[in-house]
Amino acid sequence: MLEHLLDEYLPLLVMLLGTFLTGMIIERRHYASILRRELATARIHHLNSGKKLDPKARISQSRLVCGEAVISVEFFRWFVGLLHSLLGGTMREYETALDRARREAVLRMKESAKGASAIVNVRVEHTPISYGLSRFSGVEAIAWGTAIYLEEDRAG
Amino acid sequence: MLLSNVETIPGKRIVRHHGMVTGSTVRARFFLIDLWQWIKGFFGGELKGYSKLIGDTRQQALKRMEEQAERLGANAVVNVRFATSTVSLGSSELYVYGTAVEVVDA
């Protein structure tokens, strides 16, 4: 009986264990890279206010900057999410995927604004993407804002 | 063409409004790339092929909006906003809109 069950569900168990490990390793490495790059770009402040800029500010140049990222949800996470959606409660497994996509998008936006003094009016938007069989298999995030260069920055 | 998502172009003065301009694109990747992304997505991590798809889509949508603004005789677009959606599997739609204006040095 047990042997029969094992025969039946062994591929599923292998897939779950395998994707749990790959997902964990990839996420850990991604978070390490996010933290390292967030420190490297900490000089540029980004704010989501600033729609009306102070006209007295001595801004020499401005530019629209964007960043985007697509982060997938691996099989294990999707499976846990499926069980979670039946039981209810906080879906932690999806929270980290969304968090990674948004932070990666904001980071890419900041990295494309090298030398800027600040990025104002930052907006982040995301769309769930699906392909294959599952309803939710990843998230795309896009971040954009206006990079501003103050006069002393250009001189320096 | 100057672009910003605030109400003015910082350091410039708006002298004339030309109304709203828009740009919209739907793009997809080659199906083998879709297949590869599906395999990668099974194991988790970033889908670089789709990140590139959104980047290309954004550039094309912005270009279309800029062309429209140029035809109206504007030299800047302010209050630029994006909206994204997934139209069908493996494709991405991006809609970008803003206000075309004419600016001069303040």
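Quick note: structure is the one above.
Anyway, here's the lowdown on the structure attached to this text. (Residues numbered from 1 in each chain as written. Chains lettered and ligands numbered in written order. Predicted model: local features only at pLDDT ≥ 70, side-chain atom pairs only at ≥ 80, totals over all residues. Heavy atoms only, no water.)

### So, the packing of aromatic side chains
Residue and element names in this part refer to chain B.
Phase 1: Tallying each qualifying case throughout the model produces 9 aromatic pairs over all chains.
Phase 2: Aromatic side chains Trp38 and Phe42 sit 6.4 Å apart centroid to centroid with 40° between the ring planes, which places their arrangement in the tilted category. Of the two residues, Trp38 and Phe42 both sit in helix α1 (residues 31–43), 4 residues apart, roughly one turn of that helix.
Phase 3: Accessibility expressed as a relative area gives 37% for Trp38, which makes it partly exposed. (Phe/Tyr/Trp six-rings, centres within 6.5 Å; stacked < 30°, edge-to-face > 60°. Helix = DSSP H or I, 4+ residues; strand = E, 2+ residues; numbered from the N terminus. Buried < 20%, exposed > 50% of the residue type's maximum accessible area, 1.4 Å probe, protein only.)

### Details of unusual backbone geometry
Phase 1: Here the phi dihedral of Asn121 of chain A falls at roughly 55°; this positive angle occurs in a residue that is not glycine.
Phase 2: Here Asn121 of chain A falls in the buried class, since its relative accessible area comes to 2%.
Phase 3: Of note, Asn79 of chain B is a non-glycine position whose phi angle comes to about 60°, a positive value.
Phase 4: Since its relative accessible area comes to 18%, Asn79 of chain B is described here as buried.

### What about the pairing of strand β4 (residues 76–85) of chain B?
Residues and elements named next belong to chain B.
Phase 1: Among the 10 residues in β4, 7 count as buried, and that is most of the element.
Phase 2: Sheet topology note: the strand β1 (residues 2–3)/β4 ladder contains 2 bridges and is parallel. Within β4, the position partnered with Leu3 by the bridge is Val77.
Phase 3: Strand direction decides the pairing type here: β4 and strand β5 (residues 91–105), joined by 8 bridges, are antiparallel. Its bridge partner being in β5, Ala76 is matched across the sheet by Val101. (Pairing = 2+ DSSP bridges.)

### What to know about the sheet that holds strand β1 (residues 45–46) of chain A
Phase 1: Sheet architecture is open: 5 strands sit in the order β1(A)-β3(A)-β4(A)-β2(A)-β3(B), paired in mixed fashion. The two strands at the open ends of the sheet, each matched to only one other strand, are β1 of chain A together with β3 (45–46) of chain B.
Phase 2: Relative to strand β3 (residues 118–129) of chain A, β1 of chain A runs parallel, the two sharing 2 bridges. Pairing of His46 of chain A across the sheet is with Ile119 of chain A, part of β3 of chain A.

### Some details on the nonpolar core
Phase 1: Core analysis: the biggest nonpolar cluster contains 17 residues, and Leu64 of chain A together with Met65, Val80 and Phe82 of chain B have the highest contact counts within it.
Phase 2: Within the residue set of this core, elements represented by two or more residues are β2 (59–72) and β4 (138–150) of chain A together with α2 (48–71), β4 and β5 of chain B.
Phase 3: The dominant element in this core, judged by the number of residues it contributes, is α2 of chain B, at 4 residues.
Phase 4: Look past the residues within four positions of Val80 of chain B in its chain and what remains in contact with it is Leu64 and Trp144 of chain A together with Leu3, Ser4, Asn5, Met65, Val96, Tyr97 and Gly98 of chain B.
Phase 5: Formed by 16 residues, the second largest nonpolar core is a distinct cluster that contains Ile44, Val65, Ala105 and Tyr149 of chain A. (Core = buried A, V, L, I, M, F, W, Y, C linked by side-chain atoms within 4.5 Å. Contact = heavy atoms within 4.5 Å.)

Scope: geometric values only; no functional claims are made or implied.
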